[in-house]
Amino acid sequence: MSTVIRNATTDDLQYIVAIYNDIIKNTFAVWSEKTVDIDNRRVWMENRQEAGYPILVAILNSEVIGYGSFGPFSSSIHDTFTNHGLRHTVELTVHIDRNHRRKGIGRALVQALIDEAKKQPNIHVLVAGIAAVNTASISLFESFGFKIVAKMPETGLKHGKWLDDVLMQKIL
Ligand SMILES: CC(C)(COP(=O)(O)OP(=O)(O)OC[C@H]1O[C@@H](n2cnc3c(N)ncnc32)[C@H](O)[C@@H]1OP(=O)(O)O)[C@@H](O)C(=O)NCCC(=O)NCCS
């Protein structure tokens, strides 16, 4: 059966939480060491969808095997000043279930997010903030024409390790 990409619903939250918590615990992709519960992701989903940002899920055999989204590049600025100049820039994230990586799902989700962004005329720049150690993700975004525009040494700390942040961007 082939993978289908569609908009996320609250029925998908259990899978989103499982994928996200595994990535929190076992990777440097999310710079948090605190796992989340369904209510946490429900609020995230409501905020994103109410603001018109997409959350897309990849479905295989009725299960979510990955998801991706974009939202404000700097949430604190967006929350405070709705007309801030950064509102035309969004930040993408993609997370794939550990058992379904390297099967083209990440690529399909990034493509779908770019297609969504192009439908929103107010969006001009796409950003991906990636830990420098996450070479898989850097390669993925490079394959879509994202360029590395900044490397910020030791801006993150996780599992006792200082992490460098790589900012990549693509102008639509
Ligand atoms: C990074 C991630 C999203 C890639 O998703 P994926 O479905 O495994 O990737 P795909 O199979 O679509 O691969 C697309 C491209 O990504 C790159 N890539 C993916 N996995 C890679 C790996 N392990 N090593 C090197 N490059 C890799 C390659 O360029 C690949 O193209 P190729 O297959 O032609 O070589 C996935 O590994 C993941 O969810 N990791 C944990 C969370 C994370 O890092 N999220 C990204 C933060 S924004």
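For the structure itself, look to the data block above.
Bear in mind that the values here come from a model prediction, so they are computed numbers and not experimental data.

**Quick look at the sheet that holds strand β3 (residues 63-72)**
Sheet architecture is open: 7 strands sit in the order β1-β2-β3-β4-β5-β7-β6, paired in mixed fashion. Both edges of this open sheet fall to β1 (4-7) and β6 (147-158), since each of them pairs with a single strand only. The sheet shows a mean angle of 25° between the axes of neighbouring strands, direction not considered. As defined by bridge partners, β1 adjoins strand β2 (residues 55-60) across 4 bridges and the pair is classed as antiparallel. Opposite I5, over in β2, you have A58 as the bridge partner. Of the strands in this sheet, β4 (89-96), β5 (125-131), β6 and β7 (161-171) are in contact with helix α5 (residues 135-142), which crosses β5 at around 160°.

**Some points on unusual backbone geometry**
Phi angles above zero are rare outside glycine, and R102 is one such case at about 65°. Considering the arrangement of structural elements, one finds R102 in the loop between β4 and α4 (105-119). Classification of R102 as exposed rests on a relative accessible area of 86%. Phi is positive for E154, which is not a glycine, with a value near 60°. Summarising the element assignment, E154 is placed in strand β6.

Cut-offs and rules
Residues numbered from 1 in each chain as written. Predicted model: local features only at pLDDT ≥ 70, side-chain atom pairs only at ≥ 80, totals over all residues. Heavy atoms only, no water. Pairing = 2+ DSSP bridges. Helix = DSSP H or I, 4+ residues; strand = E, 2+ residues; numbered from the N terminus. Axes fitted to C-alpha atoms, helices over the stretch in contact; angles between N-to-C directions. Contact = heavy atoms within 4.5 Å. Buried < 20%, exposed > 50% of the residue type's maximum accessible area, 1.4 Å probe, protein only.

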